[in-house]
Amino acid sequence: MAHGRGEALLRGGMSSARATFLELFFDLVFVFALTRISKRLIDDVTAGGPDVLRQVAQTVILFLALWIVWSLTAWVTSRYEPDNSAIQFVVVASMFGSMVMAVATPRAFAERAVPFALAYLAVQVGRPLFLTLALRGHPRRTVTGRILIWSAVGAVPWLIGALVPSARAVLWTLALAWDYAGLALGWPIPGRGSVRASGWVVMGEHLVERYQQFFLIALGETVLVIGMTFSGAAFSAAHASAFTLSFLITALLWWIYFHRAGHVLAAAIRAARSPGLLGESASWTHLVIVAGVLLTGVGYELVIVDPYERTALSWALFVLGGPALFLAARARFEYEIFGRVSRNRVVGVVLLLGLVPVVLRLPSIGTLALSAVVLAGIAVADAARAHGRPLEQPASPL
């Protein structure tokens, strides 16, 4: 009887591969969360000073904490039936915890450290606890149980760090490394081995759709940055040019991501011998893709606000480094789908990084224009290569 109740939580053969409205509602929190991360990064860079690297590192920690909460929730709804009321409760509870984390993000390393840590742990510990109890006698309960044990151990440095400001950065870094190590290694328990996510039975098409949706969330956040920054700036030719270039780059990021590989990702999952393996690999790739888009959006705001400011090294790392990081991850994505390295994207990364010493003599709008030229060149080369050819079938080496 208990086994049957646990079975009702799992996805069945009739489950839809499409994301539910509740999952899309859940994503809205992360539109707001990414704006808080961007705001922190912009404040870090514009404040300058000797602490800028420390501040940026803290913001990266907060971003990674938000990402793992979203990512594991996506795995839950790909592994369990999202229309089941118990799983819907998990999603809504995770949504509330994520909202608290997002609200606390601007001051998470100051007076809002305790709310941020408690919200994070409420999701990361509460989710496997709830699922372990709900699964009851089902064999899959052993998986959620080991995740619960791993998360409970990681909760200790999160809590101590929240209460001890002087050790917060170190302890939270260690705690986050522990959580990511659990995800990467399969939450190993001595004497029991591990349960890598790559071996899980998941709704693969649903999972990849969720990661593509998060990529679109990141693009949407950059659109918000572009619009809100320009609406608060003078409507001069320079500001309008920076606004236009920023929108063009966002459109190019969308094109480069979805060209070929992005369109056949679902088909690659269907054809994969191990959908979980490809899904796990794609999750790490999308983490870097989203980070690249986020950094690029910060560059937009810096340039739109002051297009004639001479490009500082920190600005170049966003305006050029963000697209370069995106292209590097997109090259890995190409390999995951087609088993090849995209020369266009590798050349793009080399060009963008090679331009960094050059643009230090240019106004920031000139740097933004060069970034747009490189990305446009990749898009044109992709279109020329694909012209007249049928859509390629995926051939994932994974």
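As shown above, the structure is provided for reference.
What comes next is a walk through the structure. (Residues numbered from 1 in each chain as written. Predicted model: local features only at pLDDT ≥ 70, side-chain atom pairs only at ≥ 80, totals over all residues. Heavy atoms only, no water.)

## Section: the overall build of the protein
Along the protein, the regular secondary structure elements total 16 helices and zero strands. In summary, the protein has a C-alpha radius of gyration of 22 Å against a globular reference of 21 Å for 398 residues, a match within 12%. Dimensions of the protein, computed from C-alpha atoms along their principal axes, come out at roughly 70 × 60 × 35 Å. Sorting the 398 residues of the protein into buried and exposed places 55% on the buried side. Partitioning the intrachain contacts of the protein with sequence separation of at least 6 by distance along the chain shows that 82% fall at a separation of at least 24. Counting only carbon and sulfur atoms, one obtains 70% of the accessible surface of the protein, whose full area is about 16800 Å². (Helix = DSSP H or I, 4+ residues; strand = E, 2+ residues; numbered from the N terminus. Rg over C-alpha atoms; globule rule 2.2 N^0.38 Å. Buried < 20%, exposed > 50% of the residue type's maximum accessible area, 1.4 Å probe, protein only. Contact = heavy atoms within 4.5 Å. Areas by Shrake-Rupley, 256 points an atom, 1.4 Å probe, with all protein chains shown as cover.)

## Let's talk about the packing of helix 2 (residues 21–47) against helix 3 (residues 52–79)
The contact between helix 2 and helix 3 brings their axes to 9 Å, and the two run at 170°. Judged by the angle between their axes, helix 2 and helix 3 are roughly antiparallel. Packed against helix 2, whose contacting residues are Glu-23, Phe-26, Asp-27, Phe-30, Ala-33, Leu-34, Ile-37, Arg-40, Leu-41, Asp-44 and Val-45, the element helix 3 presents Val-52, Gln-55, Val-56, Gln-58, Thr-59, Leu-62, Phe-63, Leu-66, Val-69, Trp-70, Thr-73 and Thr-77 at the interface. For the contact of helix 2 with helix 3, the per-class residue count stands at 14 nonpolar, five polar and four charged. (Axes fitted to C-alpha atoms, helices over the stretch in contact; angles between N-to-C directions. Parallel < 35°, antiparallel > 145°, perpendicular 65-115°, else oblique. Nonpolar A, V, L, I, M, F, W, Y, C, P; charged D, E, K, R; others polar.)

## Section: the nonpolar core
For soluble globular proteins, the rule of thumb is that nonpolar side chains tend to be buried together. The biggest cluster of nonpolar side chains holds 112 residues, and the ones touching the most others in it are Phe-30, Phe-116, Tyr-120, Trp-158, Trp-172 and Phe-326. Split by domain, the residues of this core number at least three in each of domain 1 (1–185) and domain 2 (204–386). Among residues more than four places away in sequence, those in contact with Trp-158 are Ala-65, Phe-116, Ala-117, Tyr-120, Leu-121, Trp-172, Ala-175, Leu-176 and Asp-179. Residues Leu-9, Val-76, Ile-87 and Ala-134 belong to the second largest nonpolar core, which totals ten residues. (Core = buried A, V, L, I, M, F, W, Y, C linked by side-chain atoms within 4.5 Å. Domains from an automatic or database assignment.)

## Topic: a nonpolar patch on the surface
On the surface, a cluster of nonpolar side chains totalling about 570 Å² of accessible area is made up of Val-114, Leu-118, Val-156, Leu-159, Ile-160, Leu-163 and Val-164. Secondary structure elements with two or more residues in the nonpolar patch: helix 5 (113–135) and helix 6 (141–163). In terms of residue count, helix 6 provides more of the nonpolar patch than any other element does, four residues in total. Within the fold, Val-164 resides in the loop between helix 6 and helix 7 (168–185). (Patch = residues over 30% accessible without salt bridge, like charges linked within 9 Å, V, L, I, M, F, W, Y side chains within 5 Å. Salt bridge = Lys/Arg side-chain N within 4 Å of Asp/Glu carboxyl O.)

## Here's the deal with the packing of helix 14 (residues 343–354) against helix 16 (residues 364–386)
Two measures define how a pair of helices packs: the angle their axes make with one another and the distance between the axes. Orientation of helix 14 relative to helix 16, taken along the N-to-C sense of each, is 170°, at an axis distance of 10 Å. Our classification of the angle between helix 14 and helix 16 gives roughly antiparallel. Within the contact between the two elements, helix 14 uses Asn-344, Arg-345, Gly-348, Leu-351 and Leu-352 and helix 16 uses Ser-371, Val-374, Ile-378, Ala-381 and Asp-382. Taken together, the residues that form the contact of helix 14 with helix 16 break down as five nonpolar, three polar and two charged.

## Here's the deal with the side chain of Thr-367
If you trace the backbone, Thr-367 turns up in helix 16. Accessibility expressed as a relative area gives 1% for Thr-367, which makes it buried. Ignoring any residue separated from it by four or fewer positions in sequence, one finds Thr-367 in contact with Thr-311, Val-319, Leu-320, Val-359 and Leu-362.

## Concerning helix 14
Compared with the 16 Å implied by 1.5 Å per residue over twelve residues, the 16 Å span of helix 14 between its first and last C-alpha is a close match. Here helix 14 has its buried residues at Arg-345, Gly-348, Val-349 and Leu-352. When helix 14 is viewed along its axis, its buried side chains cluster within an angular range of 100° and face the same direction. Exposed and facing more than 90 degrees away from the buried side of helix 14 are Arg-343 and Val-350. (Expected span 1.5 Å × (residues − 1). Arc of directions from axis to C-beta.)

## Focus on helix 13 (residues 321–338)
The first and last C-alpha atoms of helix 13 sit 26 Å apart over 18 residues, in line with the 26 Å expected at 1.5 Å per residue. Taking burial as the measure, the 18 residues of helix 13 include 14 buried ones, the bulk of the element. After helix 13 finishes, the residue Gly-339 shows a positive phi value of roughly 70°.

## Quick word on the packing of aromatic side chains
This model, assessed by the stated rule, comprises 22 aromatic pairs. Seen from their ring centres, Tyr-180 and Trp-284 are 5.9 Å apart, and the 50° between their planes marks the pair as tilted. Taken as a pair, Tyr-180 in helix 7 and Trp-284 in helix 11 (residues 275–305) lie far apart in primary sequence, 104 residues in all. Relative accessible area serves as the criterion here: at 12%, Tyr-180 is assigned to the buried category. Exposure remark for Trp-284: the relative accessible area of 26% places this residue in the partly exposed category. Grouping aromatic residues by their ring pairs yields a cluster made of Phe-26, Phe-30, Trp-67, Trp-70, Tyr-211 and Phe-214. (Phe/Tyr/Trp six-rings, centres within 6.5 Å; stacked < 30°, edge-to-face > 60°.)

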